[in-house]
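Below are the chains, spelled out letter by letter.
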Amino acid sequence: MRMTVPMGGAAKAGAWLLLVLLLVPSSPNAAETEPEEIPSAEAEGEARSLLDAGFVDGAIKFLKSAIDRHREAKVLRWLLARAYLLDGNDFWALRTLATIAALDPTDCEPFLWMAWIQLKQGALDDTRENLAAAGCPSGTPSETRKTLLLAMLEHHAGQQDSAGRYLTAARQAEQIYEEDRAALDHLTSSLDPSHLAFL
């Protein structure tokens, strides 16, 4: 699934800026709780606490067990994907996201996350495939994220005219995730020097 294509500086830095970790304050007894003993909502809270406390290995072990018990709890799979990303394990993050996408193909977010991971790996064909599969509703922050990723993809592929068109569309979008603004600004400064501040 991976292509060993070197990442360009702007594309790599911009892609990394898309990573968002939605964590909550830690719980000192989280590592001691068996997921099968608690409802899925409480398992979610325990997993977030483990991640917030930096116990990534413990969170992965806990979440795998919790998912076995609560297979319908989609949020637990999302947390597992984030835990794998924190652990630097792109392979299992991709596998987990692919499972989420298979369970609900109408949700474009797992396709966007897979595309982001593959973009920072330099796997352009896989990135393009997942972006094509991401059917994000029009006028949503997810659609803006998809457009931004397409701009990054085309920039990295050397298609600057196409990258510029996608970037313009992303900049004109009415809705954007707050965490994507830094990536948008970074790519804008790379593709359009007129937006650079005077030194």
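As a reminder, the structure under discussion sits directly above these lines.
Read on for an overview of the structure. Residue positions are given per chain, counting from 1 as you read along its sequence in written order. At least 70 in pLDDT is required for a residue's local features to be given in this predicted model, at least 80 for side-chain atom pairs to be given and counted, and no such filter applies to totals for whole chains, interfaces and linings, which use all residues. The basis for the side-chain values is all heavy atoms of the structure; hydrogens and waters are excluded.

**So, the overall build of the protein chain**
- Labels follow the DSSP assignment, with helices taken as runs of H or I lasting at least four residues and strands as runs of E lasting at least two, numbered in each case from the N terminus. Along the protein chain, the regular secondary structure elements total 10 helices and zero strands.
- Listing each helix as α and each strand as β along the protein chain from the N terminus yields α-α-α-α-α-α-α-α-α-α.
- Only the protein chains shown count as covering a residue, and every accessible area follows the Shrake-Rupley method with a 1.4 Å probe. Of the accessible surface of the protein chain, which amounts to about 10200 Å², a share of 52% is contributed by carbon and sulfur atoms.

**Description of the state of the cysteines**
- Here, the term disulfide refers to a pair of cysteine sulfur atoms separated by no more than 2.5 Å. With the rule as written, the count across this model stands at one disulfide.
- Between the sulfur atoms of Cys108 and its disulfide partner Cys136 the distance amounts to 2.3 Å. Here the disulfide of Cys108 and Cys136 is right-handed, its torsion about the S-S bond being about 110°. Of this pair, Cys108 sits in the loop between helix H5 (90-103) and helix H6 (109-121) while Cys136 sits in the loop between helix H7 (124-133) and helix H8 (141-156), and the two are 28 residues apart along the sequence. Neither Cys108 nor Cys136 differs from the other in exposure class; each is buried. Relative accessibility decides the category of a residue: with a 1.4 Å probe and only protein chains considered, values under 20% of the type maximum give buried, values over 50% give exposed, and everything between is partly exposed.

**Some words on the layout of surface pockets**
- Reported here for the largest pocket is a volume of approximately 210 Å³.
- At four residues, H5 tops the list of elements feeding residues into the lining of the largest pocket. Think of a 1 Å grid over the protein atoms and nothing else: a 1.4 Å probe that fits but is trapped marks a cavity, an open set flanked by protein within 12 Å on at least five of seven lines marks a pocket, and residues with an atom within 4 Å of a point count as lining. Grid points are joined across faces, edges and corners, and a volume is the space filled by probe spheres set on the points.

**Observations concerning the environment of Leu79**
- Structurally, Leu79 can be placed in helix H4 (residues 74-86).
- Among the residues examined, Leu79 registers a relative accessible area of 0% and is labelled buried.
- Leu79 sits 16 residues away from Leu63 along the chain, and the two C-alpha atoms are 7.6 Å apart.
- Aside from chain neighbours lying at most four places away, what touches Leu79 is Glu44, Ala47, Arg48, Leu51 and Leu63. Any two residues having at least one pair of non-hydrogen atoms within 4.5 Å are treated as being in contact.

**Describing the packing of aromatic side chains**
- Stacked, edge-to-face and tilted labels apply to pairs of Phe, Tyr and Trp rings (six-membered ring for Trp) whose centres lie within 6.5 Å, assigned for plane angles under 30 degrees, over 60, and everything in between, in that order. Enumeration over the complete set of coordinates arrives at four aromatic pairs.
- Ring centres 6.1 Å apart and planes at 75° place the aromatic pair Trp113 and Trp116 in the edge-to-face group. You can see Trp113 and its partner Trp116 sitting in helix H6, three residues apart, about one turn around the helix.
- Classification of Trp113 as buried rests on a relative accessible area of 8%.

**Quick look at the pattern of salt bridges**
- In the sections that follow, a salt bridge refers to a side-chain nitrogen of Lys or Arg positioned within 4 Å of a carboxyl oxygen of Asp or Glu. Scanning all chains against the criterion turns up 10 salt bridges.
- Asp104 is paired through a salt bridge with Lys74; the nearest N and O atoms lie 3.4 Å apart. Separated by 30 residues along the polypeptide, Asp104 in the loop between H5 and H6 and Lys74 in helix H4 bring together distant segments of the chain.
- Its salt-bridge partner being Arg145, residue Glu109 comes within 3.2 Å of it at the nearest N-O pair. Within this pair, whereas Glu109 is found in helix H6, its partner Arg145 is found in helix H8, the two being separated by 36 residues in sequence. Across the pair, exposure class does not vary: Glu109 and Arg145 are buried alike.

**Details of the environment of Cys108**
- Overall, Cys108 belongs to the buried group, its relative accessible area being 3%.
- Taking the C-alpha atoms as reference points, Cys108 and Leu131, 23 residues apart in sequence, are found 8.7 Å from one another.
- When residues no more than four places from it in sequence are discounted, the contact partners of Cys108 are Ala134, Gly135, Cys136 and Ser142.

**With respect to the packing of H6 against H8**
- Running from amino to carboxyl end, H6 crosses H8 at an angle of 20°, the nearest separation of the two axes being 11 Å. It follows that H6 is roughly parallel to H8 by the angle criterion. Taken as a pair, H6 and H8 cross one another with a handedness that is left-handed. Residues Glu109, Leu112, Trp113, Trp116 and Leu119 of H6 form the contact with H8, whose own contacting residues are Ser142, Arg145, Lys146, Leu149, Met152 and Leu153. Lines fitted to C-alpha atoms define the axes, with helix axes restricted to the stretch in contact, and inter-axis angles between N-to-C directions lie between 0 and 180 degrees. The scheme is simple: roughly parallel for angles under 35 degrees, roughly antiparallel for over 145, roughly perpendicular for 65 to 115, oblique for anything else. For any pair of crossing helices, the crossing counts as left-handed if the nearer helix is rotated counterclockwise from the farther one by less than a right angle, and right-handed if it is rotated clockwise.

**Regarding helix H10 (residues 181-191)**
- Along H10, the residues that are buried comprise Ala183, Leu184, Leu187 and Thr188. Looking down the long axis of H10, one finds its buried residues gathered within 135° of arc, a one-sided arrangement. By arc we mean the arc of the directions from the helix axis to the C-beta atoms, nothing more.

Geometric descriptors of this kind do not, in isolation, establish any biological role.
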